[in-house]
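Fold and contact review
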Amino acid sequence: MNDALELAQDGMDKALDHLRKAVSKVRAGRANPAMLDEIRVENYGTLMPLNQVATVSIGDARLLVVKPWDRNMVGPIERAINAANLGINPQSDGVVIRLAIPPLTGDRRKALVKQVKDLGEEAKVAIRQSRREANEFLKEAEKGREITEDELKKALEKVQEMHDKFVKQAEEILSKKEAEITEV
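Given the structure is predicted, the values throughout are model-derived calculations rather than measurements. (Residues numbered from 1 in each chain as written. Predicted model: local features only at pLDDT ≥ 70, side-chain atom pairs only at ≥ 80, totals over all residues. Heavy atoms only, no water.)

1. Topic: the pairing of strand S3 (residues 54-60)
The pairing of S3 with strand S4 (residues 63-68) spans 6 bridges and is antiparallel. Bridge assignment links Ile 58 to a residue of S4, and that residue is Leu 64. Two successive antiparallel strands, S3 and S4, enclose a turn made up of 2 residues. (Pairing = 2+ DSSP bridges. Helix = DSSP H or I, 4+ residues; strand = E, 2+ residues; numbered from the N terminus.)

Here it is, written out as structure tokens:
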């Protein structure tokens, strides 16, 4: 019975973690260093994550500052940012790279809200899948006489409570991000 609950907990935790990471990468008109997490920079013949060749910080609400650890990396970092198609033009002074985040248009905001809702729906589907797997595990255990019918009923209720809790957390994450996107 505990195995089924742990199985459900792990699956639901992974779904929420994935949702948090995916939502953090959605540009909301504000400077967010997570926007640059997926960028790979060529450094002496190998591709490395941007955060391993430079420091990324927030200059102000609409400005990211990328400070390479090696001045020779300014050019490759600029090229990598341009190649990432973020809709941001890097501006360099030879020492640091500034990324001005343009304000979002109304249509773009609506598209981003839709994208965030789609991410949320994917997370909810993953949470429901974890619940389904745990429920099947519990029903097989009851068929195999490993647990009683009463234990099955209690365990199914616990799995459902866990499911409801995780869906609520996913909804909270989505509502915060939607508010952040629609904020002018």
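2. Quick notes on the UniProt feature "coiled-coil region" (unreviewed entry) in the protein
Under the UniProt annotation, the feature "coiled-coil region" (unreviewed entry) is placed at residues 138-165. End C-alpha atoms of residues 138-165 are separated by 20 Å, and the span's content is 82% helix alongside 0% strand. (UniProt positions renumbered as here; feature names shortened; annotations may be inferred.)

3. Examining the pairing of strand S2 (residues 46-49)
Strand direction decides the pairing type here: strand S1 (residues 40-43) and S2, joined by 4 bridges, are antiparallel. Bridge pairing in S2 places Arg 40 opposite Pro 49. Between S1 and S2, which pair antiparallel and follow one another directly, the connecting turn spans 2 residues, one of which, Tyr 44, has a positive phi of 50 degrees.

4. Here's the deal with the sheet that holds S3
With antiparallel pairing, the 4 strands of this open sheet are ordered in space as S3-S4-S6-S5. Two strands in the sheet have a free side with no partner beyond their single neighbour: S3 and strand S5 (90-92). Each adjacent strand pair in this sheet contributes to an overall mean axis angle of 25 degrees, direction not counted. Pairing between S4 and strand S6 (residues 97-100): 4 bridges, direction antiparallel. Pairing of Leu 63 across the sheet is with Ala 100, part of S6. In the packing of helix H2 (residues 74-83) onto the sheet, the strands contacted are S3, S4, S5 and S6, and the crossing angle to S5 comes to about 165 degrees. (Axes fitted to C-alpha atoms, helices over the stretch in contact; angles between N-to-C directions. Contact = heavy atoms within 4.5 Å.)

5. Regarding the nonpolar core
Leu 19, Leu 138 and Ile 181 are the most contacted members of the largest nonpolar core, which has 32 residues in total. Of all elements in the fold, only helix H1 (2-24), helix H3 (106-143) and helix H4 (149-182) reach the threshold of two or more residues within this core. Beyond its immediate sequence surroundings of up to four residues, Leu 138 is in contact with Met 1, Ala 4, Ile 147, Leu 152, Ala 155, Leu 156 and Val 159. In this structure, Ala 54, Val 74, Ile 88 and Leu 99 belong to the second largest nonpolar core, which totals 19 residues. (Core = buried A, V, L, I, M, F, W, Y, C linked by side-chain atoms within 4.5 Å. Buried < 20%, exposed > 50% of the residue type's maximum accessible area, 1.4 Å probe, protein only.)

6. Examining unusual backbone geometry
The phi dihedral of Tyr 44 is positive, around 50 degrees, even though this residue is not glycine. With respect to the helices and strands, the residue Tyr 44 is situated in the loop between S1 and S2. Under the relative-accessibility criterion, Tyr 44 is labelled exposed at 68%. Not every positive phi belongs to a glycine, and Arg 145 is a case in point at roughly 65 degrees. Assignment of secondary structure puts Arg 145 in the loop between H3 and H4. Classification of Arg 145 by relative accessible area gives exposed; the value is 73%.

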